[in-house]
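Read off the chains here:
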Amino acid sequence: MLARKSIIPEEYVLARIAAENLRKPRIRDRPRKARFIAKNGACNLAHKNIREQGRFLQDIFTTLVDLKWRHTLVIFTMSFLCSWLLFAMMWWLVAFAHGDMDPSTESATNSTKWTPCVTCVRSFTSAFLFSIEVQVTIGFGGRMMTEECPLAITVLILQNIVGLIINAVMLGCIFMKTAQAHRRAETLIFSRQAVIAVRNGKLCFMFRVGDLRKSMIISASVRIQVVRKTTTPEGEVIPIHQVDIPVDNPIESNNIFLVAPLIICHVIDKRSPLYDISAADLALQDLELIVILEGVVETTGITTQARTSYVAEEILWGHRFVPIVTEEEGVYAVDYSKFGNTVKVAAPRCSARELDEKPSILIQTLQKSELSHQNSLRKRNSMRRNNSIRRSNSMRRTNPSLIVPKVQFITPEGSQSASET
């Protein structure tokens, strides 16, 4: 109000507000670390300052396959157009050198006194049409080769060879792009979040993987790597330090039978990089767990690979995945709507190292969870009992037929006593 009435100058009011804002503590969110592997499996990596660009041309087929679809289609179209135009120019030169372009030869050709190299080729347009007919083997009957020019026969052979090479290369690129291995990986799904819970008395890191297609992945194997920034004792900084961690699999080989969604488990033991991390330390960790699923596609025989990653914010401590496979009328049914659903369970908040040093922590945690579960059951039963009593009382009040009438009994002495039953 004082500032509006111009009693205190406006600049002094603004200075006071700025000073108050400076005194207030500001909480800034921690900047999000760039992921090495995105959730869809793409590598978040940019290649810069590559000097030897010619190495990509030495492997031209892989370069064409790796290009985007719009670039591939442009190259596919331009390769045929350029080859048609090149050989059209050659056919035009052959006809011009032989004299087929001279108007005086047209009447001689009709009187069978002149034999051209290619009939009906008297302009560049007709030479271009004949080039298309030769390379794509379309014959309309108007233009045809003759035995007059050996050079024209040589050009015909050369164009057929070049056309076959272009067809083989470009059609092979189109086929490889449509049948790439990562297309099959689109139907291999991972849970959006991973969990850490107790399984068989051990803290375990778990996530769920599934296949949406009925055609299976043969010899499927799962690998887990931890990527983090580390510093060696010598002071060397390794920005992307990769460490393999074992996967708990009852089979000696690391292959899995991915006929239904599976929960992949990693036991956090002394070999694990997560051995010293507790629930409180997890949010402060700058790490990324990369999951790699490899296998052979049953229908095509092509090796495919699906990838995803989990950062610290995507790992839920003390949760477990809900079951999604049920038996219905003799068939196992999978409910993919609950694929990533989790439920909170009892789990110690300490690290796996502390849990190994003090096994009593796990026992105390399980006892507390059992007591809390029993208390919740008691409260639930008491609430149900109270609700049933209230419901019965309300029904008696609303329905007068349920009220018990009074009955009078007459004693032998003649006195009457009223009682209610």
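Keep in mind it's a predicted model, so treat the numbers as computed, not measured. (Residues numbered from 1 in each chain as written. Predicted model: local features only at pLDDT ≥ 70, side-chain atom pairs only at ≥ 80, totals over all residues. Heavy atoms only, no water.)

**Some words on the overall build of the chain**
So, point 1. The helix and strand tally for the chain stands at eleven helices and 16 strands.
So, point 2. Residue burial in the chain is summarised as follows: out of 421 residues, 30% are buried.
So, point 3. The long-range share in the chain, meaning contacts at least 24 apart out of those at least 6 apart in sequence, stands at 62%.
So, point 4. When the accessible area of the chain is evaluated, it comes to approximately 28600 Å², of which 58% is carbon and sulfur surface. (Helix = DSSP H or I, 4+ residues; strand = E, 2+ residues; numbered from the N terminus. Buried < 20%, exposed > 50% of the residue type's maximum accessible area, 1.4 Å probe, protein only. Contact = heavy atoms within 4.5 Å. Areas by Shrake-Rupley, 256 points an atom, 1.4 Å probe, with all protein chains shown as cover.)

**Examining the side chain of T308**
So, point 1. Inspection of the secondary structure assignment puts T308 in strand β9 (residues 303-311).
So, point 2. For T308, a relative accessible area of 1% gives the class buried.
So, point 3. A polar contact of 3.3 Å, which involves the side chain of T308, links it to the backbone oxygen of K39.
So, point 4. Beyond its immediate sequence surroundings of up to four residues, T308 is in contact with I37, A38, K39, F190, L289, I290 and V291. (Polar contact = N/O pair within 3.5 Å; in protein donor to acceptor, adjacent residues only side chain to side chain.)

**As for the state of the cysteines**
So, point 1. Evaluated as defined, the whole model comprises one disulfide.
So, point 2. The disulfide partner of C117 is C149, and the S-S distance across this bridge is 1.6 Å. In this structure, the disulfide formed by C117 and C149 twists by about -55 degrees around the S-S bond and is classed as left-handed. Of the two residues, C117 sits in the loop between α5 (104-110) and α6 (124-135) while C149 sits in the loop between α6 and α7 (150-178), which places them 32 residues apart along the sequence.
So, point 3. A relative accessible area of 1% means that C117 is categorised as buried. (Disulfide = S-S within 2.5 Å.)

**What about the environment of L151?**
So, point 1. Locating L151 in the fold gives a position in helix α7.
So, point 2. In this structure the C-alpha to C-alpha distance between L151 and V94, which are 57 residues apart in sequence, comes to 7.5 Å.

**Quick notes on the pairing of β9**
So, point 1. As defined by bridge partners, strand β8 (residues 287-297) adjoins β9 across nine bridges and the pair is classed as antiparallel. Considered in β9, the bridge of L289 is made with Y310.
So, point 2. The hairpin turn running from β8 into β9, its antiparallel successor, is five residues long, and G301 in that turn takes a positive phi close to 75 degrees. (Pairing = 2+ DSSP bridges.)

**With respect to a nonpolar patch on the surface**
So, point 1. A surface patch of nonpolar side chains, about 920 Å² in accessible area, is lined by L57, I60, F61, I153, I157, I161, I165, V169, F175 and M176.
So, point 2. For the nonpolar patch, the secondary structure elements donating two or more residues are α3 (60-66) and α7.
So, point 3. Among the elements that line the nonpolar patch, the one with the most residues is α7, at seven residues.
So, point 4. Examined against the element boundaries, I60 turns out to sit in helix α3.
So, point 5. When its relative accessible area of 43% is taken as the criterion, I60 is described as partly exposed. (Patch = residues over 30% accessible without salt bridge, like charges linked within 9 Å, V, L, I, M, F, W, Y side chains within 5 Å. Salt bridge = Lys/Arg side-chain N within 4 Å of Asp/Glu carboxyl O.)

**A closer look at the nonpolar core**
So, point 1. The biggest cluster of nonpolar side chains holds 40 residues, and the ones touching the most others in it are F205, F207, L289 and L293.
So, point 2. F207 has contacts with F190, S191, A194, V222, I224, L262, I263, I264, V291, Y310 and F321, leaving out every residue within four places of it along the chain.
So, point 3. Counting 14 residues, the second largest nonpolar core, distinct from the first, contains M101, V134, C149 and V155. (Core = buried A, V, L, I, M, F, W, Y, C linked by side-chain atoms within 4.5 Å.)

**A word on helix α4 (residues 69-98)**
So, point 1. Counted at 1.5 Å a residue, the expected span for α4 with its 30 residues is 44 Å, and the 44 Å between its end C-alpha atoms agrees.
So, point 2. Looking at α4, one finds that the buried residues are T72, S79, F80, S83, W84, F87, A88, W91, V94, A95 and H98.
So, point 3. Two residues or fewer after α4 comes G99, characterised by a positive phi angle close to 90 degrees. (Expected span 1.5 Å × (residues − 1).)

**Some details on the pairing of strand β12 (residues 325-328)**
So, point 1. When β12 meets strand β13 (residues 331-334), the two strands line up antiparallel, connected through four bridges. Counterpart to T326 in the pairing with β13 is A333.
So, point 2. Here β12 folds back onto β13 in antiparallel fashion, the turn holding two residues, of which E329 has a positive phi close to 55 degrees.

**Looking at the pattern of salt bridges**
So, point 1. The final tally for this structure, using the stated rule, is eight salt bridges.
So, point 2. With a shortest N-O distance of 2.9 Å, E314 and R35 are connected by a salt bridge. Residue E314 is found in the loop between β9 and β10 (315-317), and its partner R35 is found in the loop between α1 (10-23) and α2 (54-58); the two are separated by 279 residues along the sequence.
So, point 3. Taking the relative accessible area as the measure of exposure, R35 reaches 16% and is therefore buried.
So, point 4. Here D356 ties to K202 by a salt bridge, and the two come within 3.7 Å at their closest N and O atoms. Of the two residues, D356 sits in helix α10 (residues 352-357) while K202 sits in strand β3 (residues 202-211), which places them 154 residues apart along the sequence.
So, point 5. Here D356 falls in the partly exposed class, since its relative accessible area comes to 35%.

**Considering unusual backbone geometry**
So, point 1. Phi is positive for T137, close to 55 degrees, though the residue is something other than glycine.
So, point 2. Inspection of the secondary structure assignment puts T137 in the loop between α6 and α7.
So, point 3. Positive phi, normally seen in glycine, also occurs at S219, with a value near 55 degrees.

**Focus: the confidence of the model for the chain**
So, point 1. Per-residue confidence for the chain gives a mean pLDDT of 78; residues scoring 70 or more make up 78%.
So, point 2. The low-confidence segment residues 10-15 (pLDDT under 50) makes three contacts with residues lying over four places distant or belonging to another chain.
So, point 3. Counted against residues more than four places away or in other chains, residues 414-421, with its pLDDT under 50, gives 18 contacts. (pLDDT = per-residue confidence, 0-100.)

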